[in-house]
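Topology and contacts: notes
This is what each chain is made of:
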Amino acid sequence: QQKVQQSPESLTVSEGAMASLNCTFSDGTSNNFRWYRQHSAKGLEVLVSIFSDGEKEEGRFTAHLNRANLHVSLHIREPQPSDSAVYLCAVSRQGTGSKLSFGKGAKLTVSP
Amino acid sequence: EAGVTQSPRYAVLQEGQAVSFWCDPISGHDTLYWYQQPRDQGPQLLVYFRDEAVIDNSQLPSDRFSAVRPKGTNSTLKIQSAKQGDTATYLCASSFLRANTGQLYFGEGSKLTVL
């Protein structure tokens, strides 16, 4: 069964400084990777999806994927206090009906 | 376009009581998922449907949990004889298989507290 682990569990950065979050997965055949953001008592908002090794940018959010190292990361450029939320890494394999396996999440706090 | 709608948003029960959660997916989405998210944990898949058929319910505690999607549109997740360990947010998501993006769209969730 897929294991998805995120680090760090929590992170505090100052407004404007880069924030970086990490995610490792166990199934090397995985080929769908997404980062979601979850504000308190709200649903999940997809930030960026990546399907092949390399980098994918969506606005201030950039995902880096290295499947050989079973690692995907999220970098947030110029974070703002409104970016304070829980960030979830989700992994799936095409052909599995989009069954996502999630990490526990990382709590990001952006201080003014 | 309306998103995924869930109700109720909040429920508080005593142990042993029953509760039903309702989900209205995005119009035209053929696949519907129910996830359980305990506090400070990531969501965990309980069950998912393609149209009205259950595709995978292997993680659904079958003795007390049940889920249906009778017409392939709305869905109901029911918990009978709730336990404190069922305290969690129940998230519904939908997707369109033929779009082949693997993109899921989530509702805001139903937060359950069992006392």
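In this report, the structure presented in the accompanying data block is examined. (Residues numbered from 1 in each chain as written. Chains lettered and ligands numbered in written order. Predicted model: local features only at pLDDT ≥ 70, side-chain atom pairs only at ≥ 80, totals over all residues. Heavy atoms only, no water.)

1. A word on the overall build of chain A
Short version of the rule: Put simply, DSSP H or I for four residues or longer makes a helix, DSSP E for two residues or longer makes a strand, and each gets a number counted from the N terminus. Note that the radius of gyration is over C-alpha atoms, with the globule rule given as 2.2 Å times the number of residues to the power 0.38. Here, residues are in contact when the closest pair of their heavy atoms is within 4.5 Å. Charged residues are defined here as Lys and Arg on the positive side and Asp and Glu on the negative side; His and the ends of the chain fall outside this count. To locate a charge, take atom NZ for lysine, CZ for arginine, CG for aspartate or CD for glutamate.
Helices and strands together make up the secondary structure of chain A, namely zero helices and 11 strands. Secondary structure elements in chain A, listed N-terminal to C-terminal, are β-β-β-β-β-β-β-β-β-β-β. A globule of 112 residues ought to have a C-alpha radius of gyration of about 13 Å, and chain A, at 13 Å, matches this closely. If you line up chain A on its principal axes, its C-alpha atoms span 45 × 30 × 20 Å. Of all intrachain contacts in chain A linking residues separated by at least 6 positions in sequence, the fraction that spans at least 24 positions is 54%. For chain A, the separation between the mean place of its 12 positive charges and that of its 10 negative charges on side chains is 9 Å.

2. What about the pairing of strand β9 (residues 88-95) of chain B?
Remember that side chains alternate between the two faces of the sheet whenever the strand is regular. Residue and element names in this part refer to chain B. Here is the rule we go by: Only protein chains enter the accessibility calculation, which uses a 1.4 Å probe; a residue is then buried when its area is under 20% of its type maximum, exposed when over 50%, and partly exposed in between. When DSSP finds two or more bridges between two strands, those strands count as paired.
Among the eight residues of β9, eight are classified as buried, and the element is accordingly described as predominantly covered. Here β9 shows a buried face lined by A88, Y90, C92 and S94 and a second buried face lined by T89, L91, A93 and S95. Pairing of strand β4 (residues 31-37) with β9, which is carried by seven bridges, proceeds in the antiparallel orientation. Within the sheet, the bridge partner assigned to L32 lies in β9 and is S94. Where β9 meets strand β11 (residues 110-114), three bridges bridge the pair, whose relative direction is antiparallel. Its bridge partner lying in β11, Y90 is registered against S110. Across two bridges, β9 lies against strand β10 (residues 105-106) in antiparallel orientation. Pairing of S94 across the sheet is with Y105, part of β10.

3. What about the state of the cysteines?
Residues and elements named next belong to chain A. To keep things clear, this is the line we draw: Throughout, disulfides are identified as pairs of cysteine sulfur atoms within 2.5 Å of each other.
Enumeration over the complete set of coordinates arrives at two disulfides over all chains. Put simply, C23 and C89 are joined by a disulfide, and their sulfur atoms are 2.1 Å apart. As the torsion about the S-S bond is roughly -70°, the C23-C89 disulfide counts as left-handed. Placement of C23 in strand β3 (residues 19-25) and of C89 in strand β9 (residues 85-92) is noted, with a sequence separation of 66 residues between them. For C23, a relative accessible area of 0% puts it in the buried group. Judged by relative accessible area, C89 falls into the buried class, the value being 1%.

4. Quick word on unusual backbone geometry
The omega torsion across S7 of chain A and P8 of chain A is -10°, close enough to zero to call that bond cis. Mapped onto the elements, P8 of chain A comes out in the loop between β1 (4-7) and β2 (10-14). The amide bond that connects S7 of chain B to the next residue, P8 of chain B, takes the cis arrangement and shows omega of -10°. You can see P8 of chain B is positioned in the loop between β1 (5-7) and β2 (10-13). A positive phi angle, close to 60°, is found at D40 of chain B, a residue other than glycine. Structurally, D40 of chain B is set in the loop between β4 and β5 (44-50).

5. Regarding the pattern of salt bridges
Residue and element names in this part refer to chain A. To be explicit about the condition: Salt bridge, as used here: a side-chain nitrogen of Lys or Arg that lies within 4 Å of a carboxyl oxygen of Asp or Glu.
Applying the stated criterion to the full structure yields eight salt bridges over all chains. As a salt-bridge pair, E58 and K56 come within 3.5 Å of each other at their nearest N and O atoms. Of the charged contacts, one joins D83 and R60 as a salt bridge, the two residues approaching to 2.9 Å between their closest N and O atoms. Taken as a pair, D83 in the loop between β8 (71-76) and β9 and R60 in the loop between β6 (54-58) and β7 (61-66) lie far apart in primary sequence, 23 residues in all. Judged by its relative accessible area of 2%, D83 is buried. Overlapping salt bridges, with partners in common, bring together R37, E45, R60 and D83 in one network.

6. Some thoughts on the interface of chain B and chain A
This is how it is decided: Computed with a 1.4 Å rolling probe, the buried area is the accessible surface lost when two parts are put together, summed over both parts. Side-chain atoms alone can form a polar contact between residues adjacent in sequence; in general such a contact is a pair of N or O atoms within 3.5 Å, and within protein one must be able to donate a hydrogen while the other accepts it.
With 22 residues of chain B in contact, the opposing surface of chain A contributes 21 residues. Together, the buried faces of chain B and chain A total about 1,600 Å²; carbon and sulfur atoms form 45% of this surface. One can count zero salt bridges joining chain B with chain A. Inspection of the chain B/chain A interface yields two residue pairs in polar contact (both at pLDDT 80 or more).

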